[in-house]
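Chain and residue survey
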Amino acid sequence: AKKHGGGTFSFFSEELRRELEHRKQLERDIAAAIAHDAFSVYFQPQVSLTNGSIAGVEALVRWHHPERGMISPGEFIPIAEKAGDMPRIGRIVMRKAIQEAASWYRTGIQFGRLAVNVSGTELREPDFTRFLFAMLEDAGLPPQKLSLEIVESVILDDEKTGIASKLRMIRAAGVHLELDDFGTGYASLTHVNPNEIDRLKIDRRFVQNINLNDDNSKIVRAITELARGLGISIIAEGAETEEELSSLLSIGCDQVQGYSIAFPMPDTQAREWLEARSP
Ligand code: C2E
Ligand code: CA
Ligand code: CA
Ligand code: CA
């Protein structure tokens, strides 16, 4: 038994060693990617189901690794966060996304609002607000054309870090704020304040199979009705099928984003998609 136990132990430490090595390699690759401008931004449309108009476009970071191909943000963002690199990557994404949206804006392409994901570590940077306003100003994008997608936990655990006052300033300038992945964190609708939040984004897990799953349908209905009562917009993310879209429509959840509408696209393709739908 002892021998077996020892073998198990060394198996695990070997696994762990490889995992750590892999992590450290990715950390180095992330630093190199920042230096070599290897991060790009894809854009995914958000539409209104009732009138077909474009409600917004979400910017999503993409990393094309020289050897490993595309690495998903789900894999590299947690590592970049731990290594302290997320503020820099976030700024790269913010700059590229705002510049692209500003060019849509200049050429009269309808895109609703540009939605950019912002993590807690980015918001905690002391000069985040100044950086954001400078970015908008330089690009010539009105603050009203930007929305920040922030997860619930960041908005709630803020008092000490000063995030709340930053967000108030940003919102006072006209930028919209939204709660991303709504329903997965700690916020309940009783904590959602229409004086602070413009839109709730219902997490994909509640949208998936909404046509078949009665619990999901009830959750989305409840969030939709309460949000409407509070005067907050609502959007469902990750709608993959026509059936999910018609369930959302019948519930009255008007705005959607998902593969059933469009995949995240590189800038050239996103521009064509938007142009084709501009009145
Ligand atoms: P998220 O903010 O919830 O973004 C939505 C994710 O769902 C995106 O994954 C998008 O590609 C994917 N998606 C959209 N429609 C569908 C659908 O119909 N079905 C399915 N299965 N998925 C769909 P992505 O691009 O891999 O990003 C994953 C997460 O990484 C994002 O989740 C967000 O939390 C984070 N992220 C992405 N870009 C950025 C960024 O620039 N900054 C920060 N801070 N986080 C980002
Ligand atoms: Ca998001
Ligand atoms: Ca989300
Ligand atoms: Ca999500």
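Predicted model only: the values in this text are computed from it and were never measured.

**Describing the pattern of salt bridges**
A complete count under the given rule lists 14 salt bridges for this structure. The shortest N-O distance in the salt bridge between Asp 37 and Lys 96 comes to 2.8 Å. One end of the pair, Asp 37, is in the loop between helix H1 (2-35) and strand S1 (39-48); the other, Lys 96, is in helix H3 (residues 86-106), and 59 residues separate them in sequence. Looking at Asp 37, the relative accessible area reads 48%, which means it is partly exposed. Its salt-bridge partner being Glu 58, residue Lys 201 comes within 2.8 Å of it at the nearest N-O pair. A residue pair is termed long-range when its members are at least 10 positions apart, and Lys 201 in strand S7 (residues 199-202) and Glu 58 in strand S2 (residues 54-65) qualify at 143 residues. With respect to burial, Lys 201 and Glu 58 carry one shared label: buried. Among the charged side chains, a salt-bridge network with shared partners connects Glu 14, Glu 15, Arg 17 and Arg 18.

**Thoughts on the packing of helix H5 (residues 128-139) against helix H7 (residues 163-172)**
Packing of H5 against H7 brings their axes to within 10 Å, and their N-to-C directions diverge by 20 degrees. Classified by the interaxial angle, the pair formed by H5 and H7 is roughly parallel. In the packing of H5 onto H7, the handedness of the crossing is right-handed. Counting all contacts with H5, which are made through Phe 128, Thr 129, Leu 132 and Phe 133, the residues of H7 involved are Lys 166, Met 169 and Ile 170. Tallied by class, the residues present in the contact of H5 with H7 amount to five nonpolar, one polar and one charged.

**Describing the coordination of the calcium ion (ligand 4)**
Within the protein, Asp 181 (OD), Asp 203 (OD) and Glu 237 (OE) serve as the donor atoms for the calcium ion (ligand 4), at 2.4 to 2.7 Å. Each donor residue of the calcium ion (ligand 4) belongs to the same chain, and together they define the spacing D-x21-D-x33-E. The distance between the calcium ion (ligand 4) and the calcium ion (ligand 3) comes to 3.2 Å, and Asp 181 binds to both of them. Taken together, the residues Asp 181 in strand S6 (residues 176-182) and Glu 237 in strand S8 (residues 233-237) connect sequence positions 56 residues apart.

**Let's talk about helix H2 (residues 73-83)**
Where H2 is concerned, the buried positions are Phe 76, Ile 79 and Ala 80. Looking down the long axis of H2, one finds its buried residues gathered within 100 degrees of arc, a one-sided arrangement. In this structure, H2 carries Gly 74 and Lys 82 as exposed residues pointing more than 90 degrees from its buried face. At the C-terminal side of H2, Gly 84 shows a positive phi close to 80 degrees.

**Quick word on the coordination of the calcium ion (ligand 3)**
Protein coordination at the calcium ion (ligand 3) comes from Asp 180 (OD), Asp 181 (OD), Glu 237 (OE) and Glu 237 (OE), with a distance range of 2.1 to 2.9 Å. Positions of the donor residues of the calcium ion (ligand 3) along the chain correspond to the pattern D-D-x55-E. Distance-wise, the calcium ion (ligand 2) is placed 3.6 Å from the calcium ion (ligand 3), both being coordinated by Asp 180. Take Asp 180: its relative accessible area is 7%, and that puts it in the buried class.

**A few points about the pairing of strand S4 (residues 113-117)**
Across four bridges, S2 lies against S4 in parallel orientation. Pairing of Glu 58 across the sheet is with Ala 115, part of S4. Inspection of the sheet shows S4 paired to strand S5 (residues 146-151) by four bridges, in the parallel sense. Bridge pairing in S5 links Asn 117 to Glu 149.

**A closer look at H3**
Since one α-helical turn is 3.6 residues long, residues separated by three or four positions face the same way. Over its 21 residues, H3 runs 30 Å from end to end, which matches the ideal 30 Å to within 8%, given 1.5 Å per residue. Counting buried residues in H3 gives 15 out of 21 residues, a clear majority hidden from the surface. Positioned one or two residues after H3, Gly 108 has a phi angle of 75 degrees, which is positive.

**As for the side chain of Asp 180**
Relative to the elements of secondary structure, Asp 180 occurs in strand S6. One buried charged residue, Asp 180, remains without a salt bridge, the closest side chain of opposite sign being Lys 201 at 4.6 Å.

**Here we look at unusual backbone geometry**
Positive phi outside glycine occurs at Asp 37, with the angle close to 55 degrees. You will see that Asp 181, though not glycine, has its phi angle at about 55 degrees, which is positive. Take Asp 181: its relative accessible area is 24%, and that puts it in the partly exposed class.

What counts and what doesn't
Residues numbered from 1 in each chain as written. Chains lettered and ligands numbered in written order. Predicted model: local features only at pLDDT ≥ 70, side-chain atom pairs only at ≥ 80, totals over all residues. Heavy atoms only, no water. Salt bridge = Lys/Arg side-chain N within 4 Å of Asp/Glu carboxyl O. Helix = DSSP H or I, 4+ residues; strand = E, 2+ residues; numbered from the N terminus. Buried < 20%, exposed > 50% of the residue type's maximum accessible area, 1.4 Å probe, protein only. Axes fitted to C-alpha atoms, helices over the stretch in contact; angles between N-to-C directions. Parallel < 35°, antiparallel > 145°, perpendicular 65-115°, else oblique. Left-handed = near helix turned anticlockwise from the far one by under 90°. Contact = heavy atoms within 4.5 Å. Nonpolar A, V, L, I, M, F, W, Y, C, P; charged D, E, K, R; others polar. Donors = N, O, S within 2.8 Å, 3.2 Å for Na, K, Ca; no water. Arc of directions from axis to C-beta. Pairing = 2+ DSSP bridges. Expected span 1.5 Å × (residues − 1). Lys, Arg positive; Asp, Glu negative; His and termini not counted.

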